[in-house]
Number of protein chains: 2
Amino acid sequence: MNMKKGFVLLLIIIAFHARAQTIVADSPDGKIKLSVDITSSGEATYALYYKTKPVVISSSLGFELKEPAVSLRQFSLVKTDKTTYNQVWKPAWGEYSSIRDQHNQLILSLKDKSGSDMLMNVIFRVFNEGVGFRYEFPAQNKLTHFVIADESSTFHLTGDHKTFWIPGDYDTNEFTYNTTKLSEIDASSSKMSQEIHAKTFFDKNAVQTPLMMKTAEGLYINIHEAALSNYPAMNLVIDKASNTLKCHLVPDAVGNKAYLQTPAKTPWRTIIVSDKATEIIAANRMILNLNEPSKIQNTSWIKPQKMVGVWWEMHVGRSSWDYAGGQVGSQQTTRVPHGATTANVKRYIDFAVKHGIDGVLVEGWNTGWEDWFGKWKENVFDFVTPYPDYDVKELSRYAKLKGVRIIMHHETSGAVTNYERWMDTAYRFMKNHGMNSVKTGYVGRIIPRGEHHDGQWMVNHYNYVANKTSRYGIMVDMHESVRLTGMHRTYPNWLASEAARGNEFNAWSSGNPPEHETILPFTRLMGGPMDYTPGIFQIKMNVYDPNKKEQVHTTLAKQLALYITMYSPLQMAADLPENYEKHIDAFQFIKDVAVDWDDTKVLSAEPGDYLMIARKTRGKSSWFIGAITDEQARMISASLAFLDRGKTYVATLYRDADDADWEKNPHAYMIEKFLVDGATVLNLKLAPGGGTAISIMPADTNNSKGLKKYQ
Amino acid sequence: MNMKKGFVLLLIIIAFHARAQTIVADSPDGKIKLSVDITSSGEATYALYYKTKPVVISSSLGFELKEPAVSLRQFSLVKTDKTTYNQVWKPAWGEYSSIRDQHNQLILSLKDKSGSDMLMNVIFRVFNEGVGFRYEFPAQNKLTHFVIADESSTFHLTGDHKTFWIPGDYDTNEFTYNTTKLSEIDASSSKMSQEIHAKTFFDKNAVQTPLMMKTAEGLYINIHEAALSNYPAMNLVIDKASNTLKCHLVPDAVGNKAYLQTPAKTPWRTIIVSDKATEIIAANRMILNLNEPSKIQNTSWIKPQKMVGVWWEMHVGRSSWDYAGGQVGSQQTTRVPHGATTANVKRYIDFAVKHGIDGVLVEGWNTGWEDWFGKWKENVFDFVTPYPDYDVKELSRYAKLKGVRIIMHHETSGAVTNYERWMDTAYRFMKNHGMNSVKTGYVGRIIPRGEHHDGQWMVNHYNYVANKTSRYGIMVDMHESVRLTGMHRTYPNWLASEAARGNEFNAWSSGNPPEHETILPFTRLMGGPMDYTPGIFQIKMNVYDPNKKEQVHTTLAKQLALYITMYSPLQMAADLPENYEKHIDAFQFIKDVAVDWDDTKVLSAEPGDYLMIARKTRGKSSWFIGAITDEQARMISASLAFLDRGKTYVATLYRDADDADWEKNPHAYMIEKFLVDGATVLNLKLAPGGGTAISIMPADTNNSKGLKKYQ
């Protein structure tokens, strides 16, 4: 072979190897298209289209590893695998009795070209609702243990979208939402709540997921993650010049992101897209579909439930968490009585029994509350030692006698090492006293010191708690935990988390603006149920102290609607029994409303503005509807076509009175009953900051007497 | 009053207030004098004198606090308290059956002059052997929770002393010793062992305690600490210009030193001084006296003991820790059989029974050893799952039948969070299988990541282990733990720690030079017993593999002497049974030697050169003597005047043969028997790297037949 021929051949070989490669995959309905490119230099990028419109363009995939120090950014494509999947599965509880998981899967098997020869796969699943992708590091000779310095995933958007965001943070998500263009994001000047104790700001261009956006063309885009396990949570940092969001993982105490061992896989990065806002909320099923099936074989002991609790009275300053009487939610300095006394808890038990509430949460029952807040102190609580005025045995006896469950409270004060030492003892204590649900709390800076609420170590802890409680037959509700990513599919005893700004902020801070609950279902709730604690009937806090200016930023009727719009299998009737007694007709809705569902219909929605959802009670023919608005009064309409054809129902509307207003007249509500059927179209008038809650029961001779048809 | 008179009065007032104050305290025997000065600016300093000679001059006291940010360096003296103390107490086990705690105490109550008005006490205890001082922060309105940024304590020495030191480090103390002048300390260029996995160098001028020094005038000075609890360990950083050692506390993951809450107290800083080296070793009782009495009421279950174990065979590469056969102490790559098999452990049990050894340590019995070393991996071991070839039940049965205890091994791999999760389960598992002693290990970087072996969090962990094991009736031996500070007085179930460079290094590294064991009693052992694992009879490792060049750097006879010179209530006969069978006459000493003592006499000593100690068996009339030398051959003499007057004893000398030499002829030993009494003066010839072990039993007609008098 002469030189010239050899050179030509070489060129051909280079051209062949350097040719950019494009692999595409569509959603089952063909509306969503994924395109993955391996450029001539080996860079792997992906793009996403919705009805042919670009949603995410040329976005990066890859990693920087710290140990071994390898940059995984240039790859050769070893092979591709495409499979289809279409199965229905049944969650232990939820918004739907069954969920279809239908997607097309594309696996890219990549090999590092930079010299390490490490193997990495990227798995894409294309659903009708959007796409999920994760990285997988197969078992291989070239890589066993490794430390991630940075995940290079980006989301390159097509414009300067309207965005509903909270600041990126390593430790908290209890912020109110900002609504700005992407280019206007400024986490440093945002509504960074001063009421949050443990927060770790790191970048003014950083935001958290689930991140909700809307394009100028009316496309809704939601970015989050699914199946967060053995990995830190993802924040997103925006490059405003290119409208590109880059993954920013929460670091550990020494600045590393994740410690992995092959075979390893990351959480899924999810992009949900639709031209209908209602479909975004319904698409939270895509995140569930990306999680592993239940690890709990027998889930019969896991029960969606309603609770009351010795809790809101501390937030409003009526009683204290601590025995000394100083520890309250509000800013007051006067001493108040201890809340968790035997007598007071019996009062709640009696109330629960009377109204068919399943559980009574008791906070501040155990020693330690005098000296914990903000102290970064390791050994505060032991989770088994009651205050002298709290008779655990007597209350266990009384609750059992009455058929009510006391719900345990484990405030860890962020001292997770201490909690882990006590866990077995604490769970045995619960079981010995007839308790099978626990609310955990992580208020304050984390111990191990230097770790963050949302880092890999804590993510592992939350999953460890879910797993360990499941083995004790205990359901768990985590506060101040990492945001949810659908892990409740895998651990259905993990009923809910807080992990966002809950109703409690209304008791002692600037509170949550009226739009707050119209955004949460598009953000925090995409990952799973939130223990928001709705149902506050005493809207104005000045009833507790004339000097208080705090209030809930909704009408009373909207508080009822939240039981539907804020999905959770654990719902609190959060207000004081005496406040419910004052509005016992409205309380009927809380008594009636279900906490587990066969079906869910998102009837009307616009993030930041309004939301209307209908849900069918699991195993029954009754439906419940919640409709809410932001600070704007508005009419909201919806057809009840989902009702059984030819069947008549009695609808009870709990609505804002005509002169209701969240600020000026929040307690004004009306209760009306009508006959409805599948042909009915509801036209609801929502007050500023208001809402409507509706129960729809099959009509019978008893409940329909003298009722008119709705029109 | 005219201006001039006023000015004079003002001067008088200033002079009165600014007058330096000096408070002194003497030791009970008057030889030691402590002088504390509060200078006119409020600086508190102390000085120490021995027989009127200055030992420590004008040295600092104080703190830098981080939260609240206060510099505690200038004080006003609120009051002084002086008390005397003279009591005898009885340790559960030890070198002495009773210990006198006689000291004069001086408490300085100080108040910060910089504006905070914080109260801080310094407590000095002046013993005949030296001084201990600690800081105390009483409960006060001005200070509750606080974070220590730096402890300002210094030790200002009077010259450029000869010093026996190992490098300062946050994670390890497994170094060989350096002997240099203070001015020549260079931790960066020192013998920083490459064989230690987790080490954290931080300052080339840093050394660890116990620090042993000798002045040009022949004064011996030892600096250490006592009662290390809820505080990090102290390193010392030298300012060579002034011969001043400054306290450097081990930081936590975020760089803080300690988190305290009033009332709080630090460990004691100890300075022991004498013009006799022998008295330094005997003065380890001062450190015990500074610790709290036993927290364990009933100590009858705590037994000093001897053990053999499936352990050295892994170090020499005969068998492996892991089931896969790759995990051995030596550098070899060939696969070897798994050590902890049912059959092999039975072999050790049989050997133990035959020779009256109490326990059999088994390492590598549980799953995880294939994948742990150097990985910084959290979930490796569960401490309850045996390898398939290790039948826990059968071995429990067999050991019980034979009257031997199996000793549990818990290698945590440094993943302390994981160990703490498993602890209760693991200790229950032990008790269920008849085990009441555990050896723990902390090889590798600590998890919580960023924490160090010697930081406050880990110090709390070791004490937590000691406390928790005590509640299960379990004795504990900690490896890779923080150096000891006499805490075994408080937790007598804490039999020993490693916390220095043990005999194991001789199996697979450059090893421990012949002087090593002549220094350890002046350094590491000042704080408490070390599990050094003496008794290696097969000195040269080439018997296991002709390519091995490693060896123990002593003669065989010196290995026997270590059972006396290296005090521990837990002594291992560390070599393989087959090696003992080859020298069964020499093994008789290990069978005979006691592990608990009524009295201890340090007969002759010079750090780095030689050491000779005699000990009387607890509750018996027998004595044992160990004499060792460094690489120099030498004669060492000692009177046996401590023997009962008028009584005759049979002394069995296990000595170096005349041509013995640690390097050239280490296995050459002689065993001789003589009659001795209180008038006997021993003249022992020690080979290079050699030693002599002597058992002294009361003579009777059986054991003295035909024996000559020693001369």
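Presented here is an overview of the structure given in this document.

Conventions we followed
In this numbering scheme, every chain counts its residues from 1 along its sequence in written order. Labels are handed out in written order, letters beginning with A for the chains and numbers beginning with 1 for the ligands. Side-chain atom pairs in this predicted model are given and counted only at pLDDT of 80 or more, local residue features only at pLDDT of at least 70, and totals for whole chains, interfaces and linings cover all residues. Neither water nor hydrogens contribute to the side-chain values; these are computed over all heavy atoms in the structure. For every residue, the accessible area obtained with a 1.4 Å probe (protein chains only) is divided by the maximum for its type, and the residue is called buried under 20%, exposed over 50%, and partly exposed between those limits. What counts as a helix is a DSSP run of H or I of at least four residues, what counts as a strand is a run of E of at least two, and both are numbered from the N terminus. When DSSP finds two or more bridges between two strands, those strands count as paired. For this overlay, a least-squares fit was computed on C-alpha atoms, restricted to residues scoring pLDDT of at least 70 in both copies. Only heavy atoms matter for contacts: two residues are in contact if any of them lie within 4.5 Å across the pair. Throughout this description, the term salt bridge denotes a Lys or Arg side-chain nitrogen within 4 Å of a carboxyl oxygen of Asp or Glu. Working convention: axes come from line fits to C-alpha atoms, limited for helices to the stretch in contact. Angles between N-to-C directions cover 0 to 180 degrees. Each angle is binned into one of four classes, with values under 35 degrees roughly parallel, values over 145 roughly antiparallel, values of 65 to 115 roughly perpendicular, and all other values oblique. Under the grouping applied here, Gly and all other residues not named as nonpolar or charged are polar, the nonpolar ones being Ala, Val, Leu, Ile, Met, Phe, Trp, Tyr, Cys and Pro and the charged ones Asp, Glu, Lys and Arg. Multiplying one less than the number of residues by 1.5 Å gives the expected span of a helix. Accessible area that two parts lose when put together, with a 1.4 Å probe and added across both, is what the buried area reports. Any pair of nitrogen or oxygen atoms within 3.5 Å is treated as a polar contact; in protein, a donor-acceptor pairing is required on top of that, and neighbouring residues in sequence qualify only through side-chain atoms on both sides.

**Concerning the pairing of strand β34 (residues 649–656) of chain B**
Residues and elements named next belong to chain B. Where burial is concerned, most of β34 is hidden: 8 out of the 8 residues are buried. Of the strand pairs in this sheet, β34 and strand β35 (residues 669–676) are connected by 8 bridges, and their pairing is antiparallel. Each bridged residue has a counterpart across the sheet, and for A651 the counterpart in β35 is F674. Where β34 meets strand β37 (residues 691–698), 7 bridges bridge the pair, whose relative direction is antiparallel. By the bridge assignment for β37, L653 is matched with I694.

**Remarks on the relation of the copies chain A and chain B**
Once chain A has been moved 0.1 Å along the axis and rotated by 180 degrees, it coincides with chain B to within an RMSD of 0.0 Å. Expressed as a symmetry operation, the mapping of one chain copy onto the other fits a two-fold axis. Same-surface contact between copies: 96% of interface residues of chain A are shared with the interface of chain B.

**Topic: the pattern of salt bridges**
Residue and element names in this part refer to chain A. This structure, assessed with the given rule, holds 61 salt bridges over all chains. Notably, a salt bridge pairs D658 with R655, separated by 3.1 Å at the nearest N-O pair. Judged by relative accessible area, D658 falls into the exposed class, the value being 57%. Bridged by salt links that share partners, the residues E313, R318, R347 and E578 form one connected network.

**Considerations on the sheet that holds strand β24 (residues 359–362) of chain A**
Residues and elements named next belong to chain A. Sheet architecture is open: 7 strands sit in the order β28-β27-β26-β25-β24-β23-β29, paired in parallel fashion. Across the chains shown, the open sheet's two edge strands, defined by having one partner strand only, are β28 (494–497) and β29 (570–572). Ignoring which end each strand starts from, the neighbouring axes of this sheet average 25 degrees apart. Bridge analysis of strand β26 (residues 437–441) against strand β27 (residues 475–478) gives 4 bridges, and the strand direction is parallel. Pairing of T440 across the sheet is with M478, part of β27.

**Looking at the sheet that holds strand β19 (residues 244–249) of chain B**
To summarise the sheet geometry, strands pair through backbone hydrogen bonds and adopt either a parallel or an antiparallel arrangement. Residues and elements named next belong to chain B. One open sheet accounts for 4 strands, arranged β12-β19-β18-β15; its pairing is antiparallel. Because the sheet does not close on itself, it has two edges, and the strands there are β12 (154–156) and β15 (206–208). Neighbour-to-neighbour, the strand axes of this sheet turn through a mean angle of 30 degrees, independent of strand direction. Across 3 bridges, the pairing between β12 and β19 is antiparallel. Its bridge partner lying in β19, H156 is registered against T244.

**Observations concerning the packing of helix α5 (residues 342–355) of chain A against helix α13 (residues 584–592) of chain A**
Residue and element names in this part refer to chain A. Packing of α5 against α13 leaves a shortest axis separation of 11 Å and a crossing angle of 75 degrees. With respect to α13, the axis of α5 lies roughly perpendicular. Touching F351, K354 and H355 of α5 are I584, F587 and K591, all from α13. Grouping the amino acids of the contact of α5 with α13 by side-chain chemistry returns 3 nonpolar, 1 polar and 2 charged.

**Describing helix α5 (residues 342–355) of chain B**
Residue and element names in this part refer to chain B. Between its first and last C-alpha, α5 extends 20 Å over 14 residues, near the 20 Å set by a 1.5 Å rise per residue. Among all positions in α5, only T342, N344, V345, Y348, I349, F351, A352 and H355 are buried. Phi for G356, located one or two positions after α5, is positive at around 70 degrees.

**Things to note about the interface of chain A and chain B**
Counting from both sides, the interface comprises 26 residues of chain A and, opposite them, 25 residues of chain B. Taken together, the two surfaces of chain A and chain B that pack against each other cover about 2100 Å², and 49% of this comes from carbon and sulfur. Taken together, the links from chain A to chain B amount to 4 salt bridges. R421 of chain A serves as the salt-bridge partner of E420 of chain B, at 2.5 Å between the closest nitrogen and oxygen. One can count 10 residue pairs in polar contact (both at pLDDT 80 or more) joining chain A with chain B. For the side of chain A that touches chain B, the secondary structure elements donating two or more residues are β20 (258–261), α7 (416–432) and α8 (456–471) of chain A. Residue contributions to the side of chain A that touches chain B peak at 5 residues, all from α7 of chain A.

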